[in-house]
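Topology and contacts: notes
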Amino acid sequence: MSQPGTISRYTTAQRINHWITAGCFILLALSGMSLFHPSLFFLTDLFGGGPYTRAIHPWFGVVLLVSFAILFVRFFHHNLWNRDDTAWIGKIDKVISNHEEDVPDVGRYNAGQKLVFWSMTLLILVLFVTGIVIWDQYFFGFTSIEVKRVAIAIHSLAAVAIIAVFIAHVYAGIWIRGTMGGMLHGSVTPGWAFRHHRKWLRDLARGR
Amino acid sequence: MTDLQSLDITRRSATTGTPPDIRHQPAVAKLIDVSRCIGCKACQSACMEWNDLRPEMETFEGSYDNPSDLNPAAWTVMRFTEWENEAGNLEWLIRKDGCMHCSDPGCLKACPSPGAIVQYANGIVDFISENCIGCGYCVKGCPFNIPRISQEDHRAYKCTLCSDRVSVGLEPACVKTCPTGAILFGAKEDMTAWAQERIVDLKERGFANAGLYDPPEVGGTHVMYVLHHADRPSLYAGLPDKPRIDPLVWLWKGMFKPIALAGLGFAAIAGFVHWVVAGPNEVQPEDEVHGREILDHKDEK
């Protein structure tokens with residue numbers, strides 16, 4: 001539902017889907033980090049202590065996987081790479097310095113957003129598979145300890161990578177004014193669409 | 001830290017501070033002379049009795065190994081190997097398996113819970129179960145495949161080297177009960193000296209490769225074996241020839257931890273610096289005019 005004079009960017013269902021995923025992500029990051037470095041062990045208190053943190057962390061992961069899978073089905077066709085994206089990446093310095101005059105027009109998502117989408121997809125898959133391998137309460141007997149060592153090393157590397165992607169994602173939402181409103185309330189202004197997603201705006205105007 | 005001082009703890013899992021280190025105790029060791037073991041399993045019984053553990057009854061699987069493996073209620077098991085030597089003779093190799101109490105313990109390195117695994121000044125590596133969260137990282141850190149997670153209370157268990165007995169001047173229960181004197185306990189220095197005498201005896205009796213198993217890869221251990229075939233420890237039911245903490249454990253629990261945290265901190269700071277230098281990207285009034293034109297099809301001539 002968009003306000004008069006604004007453009008609808010995300011439906012209510014899409015936003016709820018996004019924020020469930022985001023909430024799970026934050027809970028996973030906090031509980032995972034608490035077991036990653038001793039100086040962050042105090043974060044286990046947020047989840048009722050060490051044993052509860054250990055027990056609940058994988059369940060957050062299951063919920064996130066389901067939620068993200070729905071998000072993936074909704075959005076992957078908007079995130080397919082095309083020639084415009086390669087051109088856009090070539091002008092990334094202009095984008096970062098807020099001098100977007102020469103930056104090619106982009107559609108619904110720019111190359112940076114697409115990279116976030118695909119790295120999240122890849123890393124969530126890696127984290128889920130390695131996470132299952134080290135979910136000892138239910139899956140201990142299925143793999144050897146050697147395999148579990150590989151899994152846990154990859155799991156921690158992938159976790160740090162995905163948190164870095166998350167930081168970039170969140171900062172981009174803060175940096176590009178008007179973006180957060182799109183995900184919170186569902187609508188953006190025509191000016192926001194003109195400035196950041198001009199092809200998408202033109203497609204909307206043509207009724208596509 | 002007072003408890004660390006009174007208990008003479010030298011290492012504590014997932015703890016960035018260092019315990020007080022002014023007092024030193026002589027290192028202790030349990031010496032298992034495999035050549036004197038008759039496989040009676042009295043040590044297993046004594047262990048269960050002292051620690052008040054009763055493993056579940058298992059079924060016969062065609063082996064003397066009983067129980068078939070270590071479990072949360074069986075902290076030591078005899079492992080029987082029938083080996084045909086070069087001369088074609090059968091040798092019955094019986095090894096009492098259990099925690100080796102490494103000087104450089106992989107379990108302690110991997111443990112994420114502060115104080116769930118400690119190393120005492122005398123060398124004993126102990127699990128403090130009340131602090132254990134049941135994550136199983138110790139299982140992955142151990143080069144000897146010793147810790148077991150209980151499915152009842154989701155905590156890790158293994159041999160304590162009877163730290164409760166040792167702290168009041170008693171020998172471990174298995175040592176006290178061994179009828180052949182195959183298990184000895186004392187200062188590590190004395191145990192090493194005694195082992196050397198045994199090795200001389202064994203060599204005289206034709207075991208040219210007899211030797212002491214005290215693997216330097218894990219800084220030495222506080223449970224040592226006298227082996228008739230010390231050149232091939234893996235003959236003894238897969239005792240690791242060169243036990244070491246897996247490099248993957250080092251990657252995951254070593255330098256990666258501070259580097260990763262610093263990297264994530266840097267990413268957040270980079271965002272803040274960008275905000276200060278480049279600033280927010282605001283939609284301008286003329287953008288709204290152009291955007292409205294496109295929507296109203298006024299841009300098409």
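Treat the numbers as computed from the prediction; the structure is a model and nothing was measured. (Residues numbered from 1 in each chain as written. Chains lettered and ligands numbered in written order. Predicted model: local features only at pLDDT ≥ 70, side-chain atom pairs only at ≥ 80, totals over all residues.)

1. Notes on the nonpolar core
Most often, soluble globular proteins keep nonpolar side chains buried together rather than apart. Residues Cys111(B), Ile117(B) and Cys138(B) are the most contacted members of the largest nonpolar core, which totals 80 residues. When residues of this core are assigned to their parent elements, the largest contribution, five residues, is made by strand β11 (residues 223–227) of chain B. For Cys138(B), the residues in contact, after removing those within four places along its chain, are Cys107(B), Ala110(B), Cys111(B), Ile117(B), Pro147(B) and Ala156(B). One finds Cys24(A), Leu127(A), Val160(A) and Ile163(A) within the second-largest nonpolar core, a separate group that totals 15 residues. (Core = buried A, V, L, I, M, F, W, Y, C linked by C-beta atoms within 7 Å. Buried ≥ 20, exposed ≤ 12 C-beta atoms within 10 Å, placed from the backbone. Helix = DSSP H or I, 4+ residues; strand = E, 2+ residues; numbered from the N terminus. Contact = placed C-beta atoms within 7 Å.)

2. Quick word on the packing of helix α5 (residues 111–133) of chain A against helix α7 (residues 145–175) of chain A
Residues and elements named next belong to chain A. Look at α5 against α7: their axes get within 8 Å of each other, and the N-to-C directions meet at 155 degrees. Taken together, the axes of α5 and α7 are roughly antiparallel relative to one another. Two packed elements cross with a definite hand, and for α5 against α7 that hand is left-handed. For the contact of α5 with α7, the class distribution of residues is 16 nonpolar, six polar and one charged. (Axes fitted to C-alpha atoms, helices over the stretch in contact; angles between N-to-C directions. Parallel < 35°, antiparallel > 145°, perpendicular 65-115°, else oblique. Left-handed = near helix turned anticlockwise from the far one by under 90°. Nonpolar A, V, L, I, M, F, W, Y, C, P; charged D, E, K, R; others polar.)

3. Section: helix α10 (residues 198–205) of chain A
Residue and element names in this part refer to chain A. The set of residues buried in α10 consists of Trp200, Leu201 and Ala205. Down the axis of α10, the sector holding all buried residues measures 140 degrees, keeping them to one side. Remark: Gly207 follows α10 within two positions and exhibits a positive phi of approximately 80 degrees. (Arc of directions from axis to C-beta.)

4. As for the interface of chain B and chain A
Counting from both sides, the interface comprises 45 residues of chain B and, opposite them, 39 residues of chain A. The element best represented in the side of chain B that touches chain A is helix α9 (residues 256–277) of chain B, accounting for 11 residues. Of the residues in the side of chain B that touches chain A, the class split is 23 nonpolar, 15 polar and seven charged.

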